[in-house]
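# Tertiary structure, described
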Amino acid sequence: MSATGRGAKRRERDFYPTPAWCTRAILPKLAGLHGASVLEPCKGDGAIVRELEKYTNDIDWAEIALGRDFFKWTFDRRYDFVVTNPPYSLAMEFISRSLSLSDCVVMLLPLSFLASTKRRSWWMTHGLTALWILSKRPSFTGDGKTDATDYAWFVWDQAGRQKSGIFWL
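The structure reproduced in this document is the subject of the present report. (Residues numbered from 1 in each chain as written. Predicted model: local features only at pLDDT ≥ 70, side-chain atom pairs only at ≥ 80, totals over all residues. Heavy atoms only, no water.)

### Comments concerning the pattern of salt bridges
Note the cut-off: Salt bridges are defined by distance alone: a side-chain nitrogen of Lys or Arg within 4 Å of a carboxyl oxygen of Asp or Glu. Each helix corresponds to a stretch of at least 4 residues labelled H or I by DSSP, and each strand to a stretch of at least 2 residues labelled E; elements are numbered beginning at the N terminus. Exposure is judged per residue with a 1.4 Å probe applied to protein chains only, and the accessible area is read against the type maximum: over 50% gives exposed, under 20% gives buried, and values in between give partly exposed.
Per the counting criterion, the structure on display carries six salt bridges. The salt bridge partner of Arg24 is Glu51, with a shortest N-O separation of 3.3 Å. Here Arg24, found in helix α1 (residues 20-26), pairs with Glu51, found in helix α2 (residues 47-52); they are 27 residues apart in sequence, far enough to count as distant. A residue is classified by how much of its surface remains accessible, and Arg24, at 45% relative accessible area, is partly exposed. Overall, the relative accessible area of 6% leaves Glu51 in the buried class. Residue Asp150 pairs with Arg137 through a salt bridge whose shortest N-O separation is 2.9 Å.

### Describing the environment of Met124
Structurally, Met124 can be placed in helix α4 (residues 117-125). By relative accessible area, Met124 is classed as exposed at 60%. Note: C-alpha distance between Met124 and Leu169 (45 residues apart in sequence) is 26 Å.

### Side note on the sheet that holds strand β5 (residues 130-133)
Note the following rule: A strand pair is defined by DSSP finding two or more bridges across the two strands. To obtain an axis, a line is fitted to C-alpha atoms, over the contacting stretch when the element is a helix, and the angle between two such axes runs from 0 to 180 degrees between their N-to-C directions.
An order of β2-β1-β3-β4-β6-β5-β7 is seen for the seven strands of this open sheet, with the pairing classed as mixed. Two strands close off the open sheet at either side, each with one partner strand: β2 (59-61) and β7 (165-168). Averaged over all pairs of adjacent strands, the angle between strand axes in this sheet comes to 20°, irrespective of strand direction. Judged from the two bridges that link them, strand β1 (residues 38-40) and strand β3 (residues 81-84) form a sheet pairing that is parallel. Paired with Leu39 across the two strands is Val82, which belongs to β3.

### Section: the state of the cysteines
Think of a disulfide as a covalent bridge from one cysteine sulfur atom to another cysteine sulfur atom. We count it as follows: The definition used for a disulfide is geometric: two cysteine sulfur atoms within 2.5 Å.
Under the definition given, this model contains zero disulfides. In this structure Cys42 is a free cysteine whose sulfur lies 15 Å from that of Cys22, the closest cysteine sulfur available. Residue class for Cys42 comes out buried when judged on its relative accessible area of 15%. The cysteine Cys104 is free of any disulfide, with Cys42 supplying the nearest cysteine sulfur at 16 Å.

Structural data, given as structure tokens:
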């Protein structure tokens, strides 16, 4: 997921692999992650899954390109966490579905996700627990180049285990 700049062509399925350092920055901050059950609904190339494997072996995933559409797949349990970098164009849908599968949802999104008239009413029913801002802009292109967008890990915690507030990574 990443804005690619004005006039730039978007990648198919909004596929922008998450740099490992972005995931490494948030995982130690998540209370209860060690040994937890985790769902990664946008597995992509497995970048987030590889980092999660350092904390738990109980990882499930979905990836439309691999025949597991997150919105159509039947998950037979709840998870302790959902952690992902969703396609920006479907972020609200990913968050809503994830909240039905887990009490703690963690998503990498542009800070601009906090704004917009369209999302205002959505935010009134989807209160945020924590915002972990990435101090450095990530490169989603693999060449080290960044766009002018700032990103953060958005955390929704219905179980009350996560630290509440705005933080910087």
